[in-house]
There are 2 protein chains.
Amino acid sequence: MDRLDLRILDQLQRDASLTNQALAERVGLSPSACLKRVRRLKARGVIQREVAILAPEALGTSLHMVVEVIMARDDRALYRDFVRRVEAAPEVTQCYQVTGEVDFVLIVSVPDMRGYDRFCESVLYAGGGMHKFRTLISRKRNKFETRLPLSG
Amino acid sequence: MDRLDLRILDQLQRDASLTNQALAERVGLSPSACLKRVRRLKARGVIQREVAILAPEALGTSLHMVVEVIMARDDRALYRDFVRRVEAAPEVTQCYQVTGEVDFVLIVSVPDMRGYDRFCESVLYAGGGMHKFRTLISRKRNKFETRLPLSG
DNA sequence: CGTGAAATATGTATCGT
DNA sequence: ACGATACATATTTCACG
């Protein structure tokens with residue numbers, strides 16, 4: 001991963017709808033050379049996928065919650081089942097397994113409190129491994145950036 | 001936003017690299033009709049942008065932190081300045097303004113503890129409005145999904 | 001890595017429902 | 001207002017230097 005790859009990644013992280021031609025011009029390559037690099041980055045898994053980012057308000061899914069979960073015991077099977085439910089639940093958009101008093105932090109996106117309730121039932125209370133949880137209701141999502149800082 | 005729009009959004013949220021032709025076929029429209037809808041969805045701001053999702057491990061930016069921030073006072077100017085620093089900091093990938101004891105929850109993505117330290121200096125301690133913060137270190141990011149549930 | 005030509009895709013105009 | 005067809009333009013993609 002040289003300087004050119006990093007420039008390509010920087011651009012695609014900002015705007016994946018760039019044509020290969022436009023991308024090539026911005027990074028200073030011919031279209032064919034640029035395409036080869038993009039394909040290599042995809043094959044290597046550096047570029048995982050390209051997605052459309054939608055406006056939560058336009059979809060009526062603009063209630064975001066931060067949920068801190070404490071599990072009943074540090075039990076491998078318990079954790080595994082919990083992660084499985086998290087992965088299967090579309091309302092849970094993110095799940096971080098953390099160290100300290102809290103075991104998991106989830107980001108949950110729902111249309112309303114009813115949707116949040118359904119999440120609690122289907123993910124938190126189901127299965128029985130959860131000990132306690134705390135919900136931080138987001139009044140506003142000030143920043144949501146999929147772009148990661150590039151070290152190079 | 002009818003059923004066809006929702007199908008288009010569903011597809012593009014999964015894979016924005018679909019050609020318009022392939023998309024049209026999947027949702028059951030002619031390419032031109034499909035293109036019109038996609039453009040309308042972009043113009044209306046339903047589709048905000050298209051981005052490439054990169055693998056954090058491949059970039060060396062795989063240390064994720066959940067940071068809970070409590071501000072010194074509920075002061076408009078203080079909050080505004082804090083949000084400004086958050087928006088300017090590339091390490092802060094997300095910022096939720098929440099209700100309760102905690103005022104902000106941040107997701108911070110850095111290469112290592114040194115990077116986290118720099119974030120603390122440039123965002124948390126700078127400006128002086130922060131009262132306390134708690135860091136939850138992510139041992140593992142079990143889920144990271146940009147896709148929002150579509151109600152339709 | 002770049003060039004150029006063939007294969008694909010996008011975008012537009014027009015017509016039909 | 002919305003979708004389909006067909007045509008013109010632009011882009012992707014690949015063999016070759």
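Please read all numbers here as calculations on a predicted model, not as lab measurements. (Residues numbered from 1 in each chain as written. Chains lettered and ligands numbered in written order. Predicted model: local features only at pLDDT ≥ 70, side-chain atom pairs only at ≥ 80, totals over all residues. Heavy atoms only, no water.)

1. Some words on the protein's contact with DNA strand C
Next up, step 1: Residues in close proximity to DNA strand C include Leu29(A), Ser30(A), Ser32(A), Ala33(A), Lys36(A), Arg37(A), Thr19(B), Asn20(B), Gln21(B), Ser32(B), Leu35(B) and Arg39(B), which together make up its full environment.
Next up, step 2: Sugar and phosphate atoms constitute 62% of the interface atoms of DNA strand C, taking the interface as everything within 4 Å of the protein.
Next up, step 3: In the environment of DNA strand C, a base oxygen lies 3.3 Å from a nitrogen or oxygen atom belonging to the side chain of Ser32(A).
Next up, step 4: Mapped onto the surface near DNA strand C, the elements with two or more residues apiece are helix 3 (31–43) of chain A together with helix 2 (20–27) and helix 3 (31–43) of chain B.
Next up, step 5: The element contributing the most residues to the surface near DNA strand C is helix 3 of chain A, with four residues.
Next up, step 6: For the surface near DNA strand C, the per-class residue count stands at three nonpolar, six polar and three charged. (Near = heavy atom within 4 Å. Polar contact = N/O pair within 3.5 Å; in protein donor to acceptor, adjacent residues only side chain to side chain. Helix = DSSP H or I, 4+ residues; strand = E, 2+ residues; numbered from the N terminus. Nonpolar A, V, L, I, M, F, W, Y, C, P; charged D, E, K, R; others polar.)

2. Some remarks on helix 6 (residues 113–125) of chain B
Residues and elements named next belong to chain B.
Next up, step 1: Within helix 6, the full set of buried residues consists of Gly 115, Tyr 116, Phe 119, Cys 120, Val 123 and Leu 124.
Next up, step 2: Looking at the buried residues of helix 6, the elements they touch are strand 2 (63–71), helix 5 (76–88), strand 3 (92–98), strand 4 (104–110) and strand 5 (130–144).
Next up, step 3: Taking the backbone nitrogen of Arg 114 as reference, a side-chain oxygen 3.2 Å away marks Asp 112 as the first, capping residue of helix 6.
Next up, step 4: Positive phi shows up at Gly 127, right after helix 6, with a value of about 95°. (Buried < 20%, exposed > 50% of the residue type's maximum accessible area, 1.4 Å probe, protein only. Contact = heavy atoms within 4.5 Å.)

3. Some remarks on the side chain of Asn142(B)
Next up, step 1: Take Asn142(B): it is sitting in strand 5.
Next up, step 2: Using a relative accessible area of 13% as the deciding quantity, one classes Asn142(B) as buried.
Next up, step 3: There is a polar contact of 3.2 Å between the side chain of Asn142(B) and the side chain of Gln97(A).
Next up, step 4: Residues contacting Asn142(B), with those up to four places away along its chain left out, are Val83(A), Glu87(A), Cys95(A), Gln97(A) and Phe104(A).

4. Topic: the protein's contact with DNA strand D
Next up, step 1: Contacts to DNA strand D come from 14 residues, most closely from Asn20(A), Gln21(A), Arg39(A), Ser30(B) and Arg37(B).
Next up, step 2: Near-protein atoms of DNA strand D (within 4 Å) split between backbone and bases, with sugar and phosphate holding 71%.
Next up, step 3: In this structure, a phosphate oxygen belonging to DNA strand D sits 2.6 Å away from a main-chain N or O atom of Asn20(A).
Next up, step 4: A distance of 2.5 Å is found between a phosphate oxygen of DNA strand D and a side-chain nitrogen or oxygen belonging to Arg37(B).
Next up, step 5: Every element with two or more residues in the surface near DNA strand D is listed here: helix 2 (20–27) and helix 3 of chain A together with helix 3 of chain B.
Next up, step 6: Of all the elements, helix 3 of chain B adds the most residues to the surface near DNA strand D, at five residues.
Next up, step 7: Partitioned by chemical class, the residues of the surface near DNA strand D number four nonpolar, six polar and four charged.

5. Let's talk about the packing of helix 1 (residues 3–14) of chain A against helix 3 of chain A
Residues and elements named next belong to chain A.
Next up, step 1: Across the interface, helix 1 lies against helix 3 with an axial gap of 10 Å and an inter-helix angle of 80°. Taken together, the axes of helix 1 and helix 3 are roughly perpendicular relative to one another. Facing Leu 4, Asp 5, Ile 8, Leu 9 and Leu 12 of helix 1, the residues of helix 3 in contact are Cys 34, Arg 37, Val 38, Arg 40 and Leu 41.
Next up, step 2: Grouping the constituent residues of the contact of helix 1 with helix 3 by class yields seven nonpolar, no polar and three charged. (Axes fitted to C-alpha atoms, helices over the stretch in contact; angles between N-to-C directions. Parallel < 35°, antiparallel > 145°, perpendicular 65-115°, else oblique.)

6. Looking at the relation of the copies chain A and chain B
Next up, step 1: Rotating chain A by 180° and translating it 0.0 Å along the rotation axis places it on chain B, where the RMSD comes to 0.1 Å. Such a combination of turn and shift is consistent with a two-fold rotation axis. Using C-alpha coordinates, one finds that chain A approaches the rotation axis most closely at Val51(A), a distance of 2.8 Å.
Next up, step 2: In this assembly, 100% of the residues forming the interface of chain A have copies in chain B that are likewise at the interface, indicating an isologous arrangement. (Least-squares fit on C-alpha atoms with pLDDT ≥ 70 in both.)

7. As for the sheet that holds strand 5 of chain B
Sheet strands pair by backbone hydrogen bonding; their relative direction is either parallel or antiparallel.
Next up, step 1: Overall, antiparallel pairing links the eight strands, which are arranged 2(A)-4(A)-3(A)-5(B)-2(B)-4(B)-3(B)-5(A) in a closed barrel. In this sheet, adjacent strand axes meet at a mean angle of 35° when their direction is disregarded.
Next up, step 2: With five bridges joining them, strand 3 (residues 92–98) of chain A and strand 5 of chain B adopt antiparallel strand pairing. Bridged to Gln94(A) within strand 5 of chain B is Phe144(B).
Next up, step 3: Sitting on the sheet, helix 5 (residues 76–88) of chain A touches strand 2 (63–71), strand 3 and strand 4 (104–110) of chain A together with strand 5 of chain B, and the angle it makes with strand 4 of chain A is about 20°.
Next up, step 4: Sitting on the sheet, helix 6 (residues 113–125) of chain A is in contact with strand 2, strand 3, strand 4 and strand 5 (130–144) of chain A, with an inclination near 140° to strand 5 of chain A. (Pairing = 2+ DSSP bridges.)

8. Topic: the pattern of salt bridges
Next up, step 1: Taken as a whole, this structure holds 24 salt bridges over all chains when the rule is applied.
Next up, step 2: For Glu145(B), the salt bridge is made with Arg49(A), and the minimal N-O distance between the two is 3.5 Å. In this pair, Glu145(B) sits in the segment after strand 5 while Arg49(A) sits in strand 1 (residues 47–54), so the two residues belong to two different chains.
Next up, step 3: Residue classification places Glu145(B) among the partly exposed residues on the basis of a relative accessible area of 23%.
Next up, step 4: Looking at Arg49(A), the relative accessible area reads 27%, which means it is partly exposed.
Next up, step 5: Across the pair Arg14(B) and Asp10(B) runs a salt bridge, and its minimum N-O distance is 3.3 Å. Highlighted residues: Arg14(B) and Asp10(B), both in helix 1 (residues 3–14), separated by four residues, approximately one helical turn.
Next up, step 6: The class for Arg14(B) is partly exposed, based on a relative accessible area of 40%. (Salt bridge = Lys/Arg side-chain N within 4 Å of Asp/Glu carboxyl O.)

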